[in-house]
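Residue-level structural notes
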Amino acid sequence: MNYNRKQTFYLIITILILIDFILLFYLSFFPVDSLFRRIIIAFDFVLCIILWIEFFYSYKHAADKKHYLKENALSIWGMFPLYFVLLRPFRLIKLIHYVKLFAIVHESESLERFLKRTLLDKILSWAIIFIFIISLLMYLVDTQINDFATALWYVVVSITATGYGDVVPTTLGGRIVGIIAMVGGVLIFAAITAVISSIYVSKISKASRTDLESRIDDLTFEVKELNKKIDELKKEKDCDI
């Protein structure tokens, strides 16, 4: 599979962001020695520099700079070093942003129209922010949840309606946050389901439209043939007279 320079660049950045996020996720939840920690932080810092360079370069060459800033408002926060814990979900949004750019360059206008119509990239970005904020609130308000990883696990289980029951909020605040997580999960998956449904509906509509156009062409051809035969019969009748 051949890629042009822009596609290759977006693919490399996407892979680097994914590796960086995995490393920082490991750093957040598992013990590591000081040397490995410094290597991860240095890798993250270098990646942030690359992201800022690409951002300013794209901004400089953007036709509509205000629109560019508006479209990148959330992903800008994902270019800060990830040892700022509160900014870590934004790196996932930055990852979605580069996957979108790579896909648009690769698939051209069809995917761009699809994203504008369904807003799938924005739905996923806000879903990530929602999960992170609710997890943080759960960790802060419920005394039975002792670490952020447990809070994140509870929120993911709640929004997916899995309900293992291994983590249960005991405080009033925790239960309220749990309710918000459940309702938010319903809305998120309803939006994603609507997007998936629109894909299949558009495919079915396209197939139906193609079939209808084919039938119209056939009928048009038959009408033309009938008109020819009618003209021939008229000519024969005129000749007989």
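Up top you'll find the structure we're talking about.
These lines cover the structure that appears in this document, whether it is placed above or below. (Residues numbered from 1 in each chain as written. Predicted model: local features only at pLDDT ≥ 70, side-chain atom pairs only at ≥ 80, totals over all residues. Heavy atoms only, no water.)

The next subject is the overall build of the protein chain. Helices and strands together make up the secondary structure of the protein chain, namely eight helices and zero strands. Along the protein chain, helices and strands appear, N-terminal first, in the series α-α-α-α-α-α-α-α. Evaluated residue by residue, the protein chain yields a buried proportion of 31% over its 241 residues. Across the protein chain, the fraction of contacts at a sequence separation of at least 24, relative to all contacts at a separation of at least 6, is 63%. For the protein chain, the computed accessible surface area is about 16,200 Å², with 68% contributed by carbon and sulfur atoms. (Helix = DSSP H or I, 4+ residues; strand = E, 2+ residues; numbered from the N terminus. Buried < 20%, exposed > 50% of the residue type's maximum accessible area, 1.4 Å probe, protein only. Contact = heavy atoms within 4.5 Å. Areas by Shrake-Rupley, 256 points an atom, 1.4 Å probe, with all protein chains shown as cover.)

The next thing to look at is the packing of aromatic side chains. Geometry of an aromatic ring pair is reported as the spacing of the ring centres plus the angle between the planes. One pass over the structure, following the stated rule, counts seven aromatic pairs. Ring centres of Phe 9 and Tyr 10 lie 5.9 Å apart, and the angle between their planes is 55°; on these two criteria the pair is classed as tilted. Where Phe 55 meets Phe 56, the ring centres are 5.5 Å apart and the plane angle is 70°; that geometry is what we call edge-to-face. A residue is classified by how much of its surface remains accessible, and Phe 55, at 5% relative accessible area, is buried. Among the aromatic residues, those joined into a ring-pair cluster are Trp 52, Phe 55, Phe 56, Tyr 59, Tyr 68 and Phe 80. One cation-aromatic arrangement involves Lys 65 over Tyr 59; the distance from NZ or CZ to the ring centre is 5.8 Å. (Phe/Tyr/Trp six-rings, centres within 6.5 Å; stacked < 30°, edge-to-face > 60°. Lys NZ or Arg CZ within 6 Å of the ring centre and 35° of its normal.)

In this section: helix H6 (residues 120-141). The terminal C-alpha atoms of H6 lie 31 Å apart, and with 22 residues this matches the ideal 32 Å at 1.5 Å per residue to within 8%. Listed in full, the buried residues belonging to H6 are Asp 121, Ile 123, Ser 125, Ala 127, Ile 128, Ile 129, Ile 131, Phe 132, Ile 134, Ser 135 and Met 138. (Expected span 1.5 Å × (residues − 1).)

So, about the packing of helix H1 (residues 5-29) against helix H2 (residues 34-60). Between H1 and H2, the least distance of the axes is 10 Å, while the angle of their chain directions is 145°. For the crossing formed where H1 meets H2, the hand is left-handed. Between H1, through Phe 9, Tyr 10, Ile 13, Leu 16, Ile 17, Ile 19, Asp 20, Leu 23, Leu 24, Tyr 26 and Leu 27, and H2, the contact on the second element is made entirely by Phe 36, Arg 37, Ile 40, Phe 43, Asp 44, Leu 47, Ile 50, Leu 51 and Glu 54. A per-class count over the contact of H1 with H2 returns 16 nonpolar, no polar and four charged. (Axes fitted to C-alpha atoms, helices over the stretch in contact; angles between N-to-C directions. Left-handed = near helix turned anticlockwise from the far one by under 90°. Nonpolar A, V, L, I, M, F, W, Y, C, P; charged D, E, K, R; others polar.)

At a minimum axis separation of 8 Å, H6 and helix H7 (residues 148-159) run at an interaxial angle of 125°. As judged from the angle between their axes, H6 and H7 are oblique. For the pair H6 and H7, the sense of crossing is right-handed. Residues Phe 130, Ile 131, Phe 132, Ile 134, Ser 135, Leu 136, Met 138 and Tyr 139 of H6 touch H7, and the partners they reach there are Phe 148, Ala 151, Leu 152, Tyr 154, Val 155, Val 156 and Ile 159. Classifying every residue of the contact of H6 with H7 gives 14 nonpolar, one polar and no charged. (Parallel < 35°, antiparallel > 145°, perpendicular 65-115°, else oblique.)

This part is about H1. Helix length check: H1 (25 residues) gives 37 Å between terminal C-alpha atoms against 36 Å at 1.5 Å per residue, within 8%. Burial in H1 covers these residues: Gln 7, Tyr 10, Ile 13, Thr 14, Ile 17, Asp 20, Leu 24 and Leu 27.

Here we take up the side chain of Asp 142. Examined against the element boundaries, Asp 142 turns out to sit in the loop between H6 and H7. Although Asp 142 lies buried, it forms no salt bridge, and the closest oppositely charged side chain, Arg 175, sits 6.8 Å away as judged by the N-O distance. A distance of 3.0 Å separates a polar side-chain atom of Asp 142 from the backbone nitrogen of Gln 144. In contact with Asp 142, not counting residues within four places along its chain, are Pro 169, Thr 170, Thr 171 and Gly 174. (Lys, Arg positive; Asp, Glu negative; His and termini not counted. Salt bridge = Lys/Arg side-chain N within 4 Å of Asp/Glu carboxyl O. Polar contact = N/O pair within 3.5 Å; in protein donor to acceptor, adjacent residues only side chain to side chain.)

Moving on: the nonpolar core. Counting 13 residues, the largest nonpolar core has Ile 13, Ile 17, Leu 51, Phe 55, Met 79 and Tyr 98 as its most contacted members. Among the secondary structure elements, those contributing two or more residues to this core are H1, H2 and helix H4 (88-107). Residues in contact with Tyr 98, not counting those within four places in the same chain, are Tyr 10, Ile 13, Thr 14, Ile 17, Leu 51 and Glu 54. One finds Ile 134, Ala 151, Tyr 154 and Ile 159 within the second-largest nonpolar core, a separate group that totals eleven residues. (Core = buried A, V, L, I, M, F, W, Y, C linked by side-chain atoms within 4.5 Å.)

Purely spatial values, then, with no claim about function.
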